[in-house]
Amino acid sequence: MITFLAGLVILILGGAVYGKLCENTFKPDQRETPAISMRDDVDYVPMTKWRNSLIELLNIAGTGPILGPIQGILFGPIAFITIPIGCVIGGAFHDYMLGMISIRNKGDQMPDLIRRFLGRNIYIIYNVFVCLLMLLVGVVFIYTPGDLFVTQILSQESSISNPTLWVVYGVIFFYYVVATLFPIDKIIGKIYPVFGAILLISAVGVFAGLFLKGYPLVELWEASKAGFPYQTNFIPIFFVTVTCGICSGFHSTQATLVSRTVSDEREGRMTFYNMMIAEGFIAMTWAAAAMGALQKALASADQLNSSPTLIVGLIAKDMLGTVGGIIAIIGVIVLPVTSGDTALRSLRLMIGDAIHLDQTKKKNALVLAVGIFTVVALLLVWAKGNPAGFNIIWRYFSWANETTAVFALAMISIFMKKNNMPYIMALIPGTFYMYMTSCYILNAQIGFNMPWVISYIGAGILSCIYAALISKYRKI
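Anyway, here's the lowdown on the structure attached to this text.

**What about the overall build of the chain?**
Then, in step 1: Of the regular secondary structure elements, the chain holds 19 helices and zero strands.
Then, in step 2: For a compact globule of 476 residues, the expected C-alpha radius of gyration is about 23 Å, and the chain comes in at 21 Å, within 12% of that figure.
Then, in step 3: Reported as C-alpha extents along the three principal axes, the dimensions of the chain are approximately 55 × 50 × 40 Å.
Then, in step 4: Put simply, the chain has 476 residues, and 61% of those count as buried.

Here it is as structure tokens:
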């Protein structure tokens, strides 16, 4: 428990100190924000700080900070140190800077920011890349909450032949369509406080259960004797596995979305930075719960590796009883649902902006949404019908998610250079994630399937090139 508590101290105190440093570096002021100057009552709508913060948290906290840490803890208690450090200097910094940069640039979404600061060539690559990521997010965040609801709440099998599963998918799908098309304050702004309450109750409940149930947590100095299944290739596998719990490129699309509803720049630290710290707390809590479950033999290592959704149910019900466990599971279901809707909303905005489509006209927004949801539906059917379909999508989603963060951190670096800010704050995590994502895709079977030695060397070369380009040029 000492390692876990030390990690929480790093997360909370480190977040307070580094968050203040980020704020002092950016220097938010009282200038008029896009929510005021460009108000259209659809996407540009001023909302209160607490509502923006809650929407940001629910947008960014999908299944990543739960299912990722549950599998990442198989590396041992090192996760309790790596997650908070990564959140403080990587993920929270990434989210804060992107939200604030978007506010300073008329609420521009990520593709336009990439084009502005990295140039048109990188913009073309990024635009295709991030749109594919958003589609994968939409599929993953229908698939996982649907399966959780069917298996853990309804106690049924989540097989392709179960009609109940498709009804649940359909309900989530319908909600996504509504949330994607309607003004942000009419749907998301109204229902999210309810979702937020469920989320907080579930997270606090699981955290309290760690102590009330006396879950045994292995200390860092005991890890070698505990026999954790994953012992090698910590970099890159751990970071791709934990994904959103540390740093997520997906968050860049959500911070820029919320930037259009922030009415005062000085709210940015709470809305963007602190909400990623809150996600880090969620990741830490579920990582600890998974370790405790493993130690208490609630599940084998194979179960943790193959069915993390099963572990969610086991942990929740063991800690909180049947009723409390169901509430906690619903909280976990809420997370991907409240990320998937805004992912697809962001995708609609990005595609619309790229093709210069006026989406204040309902017909244009509807036509674009229908095209997007048709592709999502086809991918969902394929993933459910193919035994390896979901695993393939999840692996590409995880890698694409972290690679998107590399683009974002490169853009932040150039912005900071142009504004005489210490761009090393972005260069360090950007170079690290360039190394990590390159190494992973060079070795992975879904990538180039190269030996680890070659992958490490190749990733090192690519990372040096990345750092040199950022340091030397204003535009790549």
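**Things to note about the nonpolar core**
Buried together is how nonpolar side chains tend to be arranged in soluble globular proteins.
Then, in step 1: Within the largest apolar cluster, 153 residues are counted, with the highest numbers of intra-cluster contacts made by Ile-83, Phe-93 and Met-97.
Then, in step 2: The greatest single-element share of this core, amounting to 18 residues, is contributed by helix H7 (residues 120-153).
Then, in step 3: Not counting the four nearest positions on each side in its chain, Met-97 is found in contact with Phe-26, Ile-412, Phe-415, Met-416 and Met-421.

**A look at the side chain of Asn-52**
Then, in step 1: Structurally, Asn-52 can be placed in helix H3 (residues 49-60).
Then, in step 2: For Asn-52, a relative accessible area of 0% corresponds to the buried category.
Then, in step 3: There is a polar contact of 3.1 Å between the side chain of Asn-52 and the backbone oxygen of Met-47.
Then, in step 4: Filtering out sequence-adjacent residues up to four positions away, Asn-52 remains in contact with Met-47, Val-258, Thr-261, Val-262, Glu-267 and Thr-271.

**Comments concerning the packing of aromatic side chains**
Then, in step 1: Enumeration according to the criterion identifies 29 aromatic pairs in this entry.
Then, in step 2: Ring centres of Phe-390 and Trp-394 lie 6.0 Å apart, and the angle between their planes is 35°; on these two criteria the pair is classed as tilted. Residue Phe-390 and its partner Trp-394 are both found in helix H17 (residues 389-418); the two are separated by four residues, about one turn of the helix. The residues Phe-390 and Trp-394 share a single accessibility class, namely buried.
Then, in step 3: An aromatic cluster of at least three residues, connected via ring pairs, comprises Phe-141, Tyr-143, Trp-166, Tyr-169, Phe-250, Phe-390, Trp-394 and Phe-397.
Then, in step 4: Over the aromatic face of Tyr-423 sits the side chain of Lys-417, whose NZ or CZ is 5.2 Å from the ring centroid.

**Description of the packing of H3 against helix H12 (residues 250-258)**
Then, in step 1: Where H3 contacts H12, the axes come no closer than 9 Å and their chain directions differ by 160°. The orientation of H3 with respect to H12, classified from their angle, is roughly antiparallel. Note that H3 runs across H12; the crossing there is right-handed. Only Phe-250, His-251, Gln-254, Ala-255, Leu-257 and Val-258 of H12 make contact with H3, whose side of the interface consists of Asn-52, Ile-55, Glu-56, Asn-59 and Ile-60.
Then, in step 2: Among the residues forming the contact of H3 with H12, the class breakdown is six nonpolar, four polar and one charged.

**Observations regarding the packing of helix H16 (residues 362-385) against H17**
Then, in step 1: Following both chains from N to C, one finds H16 and H17 inclined at 125°, their axes separated by 6 Å at the closest point. Taken together, the axes of H16 and H17 are oblique relative to one another. Where H16 abuts H17, its residues Leu-379, Trp-382 and Ala-383 lie against Gly-389, Phe-390, Ile-392 and Ile-393.
Then, in step 2: Broken down by class, the residue content of the contact of H16 with H17 amounts to six nonpolar, one polar and no charged.

What counts and how
- Residues numbered from 1 in each chain as written.
- Predicted model: local features only at pLDDT ≥ 70, side-chain atom pairs only at ≥ 80, totals over all residues.
- Heavy atoms only, no water.
- Helix = DSSP H or I, 4+ residues; strand = E, 2+ residues; numbered from the N terminus.
- Rg over C-alpha atoms; globule rule 2.2 N^0.38 Å.
- Buried < 20%, exposed > 50% of the residue type's maximum accessible area, 1.4 Å probe, protein only.
- Core = buried A, V, L, I, M, F, W, Y, C linked by side-chain atoms within 4.5 Å.
- Contact = heavy atoms within 4.5 Å.
- Polar contact = N/O pair within 3.5 Å; in protein donor to acceptor, adjacent residues only side chain to side chain.
- Phe/Tyr/Trp six-rings, centres within 6.5 Å; stacked < 30°, edge-to-face > 60°.
- Lys NZ or Arg CZ within 6 Å of the ring centre and 35° of its normal.
- Axes fitted to C-alpha atoms, helices over the stretch in contact; angles between N-to-C directions.
- Parallel < 35°, antiparallel > 145°, perpendicular 65-115°, else oblique.
- Left-handed = near helix turned anticlockwise from the far one by under 90°.
- Nonpolar A, V, L, I, M, F, W, Y, C, P; charged D, E, K, R; others polar.

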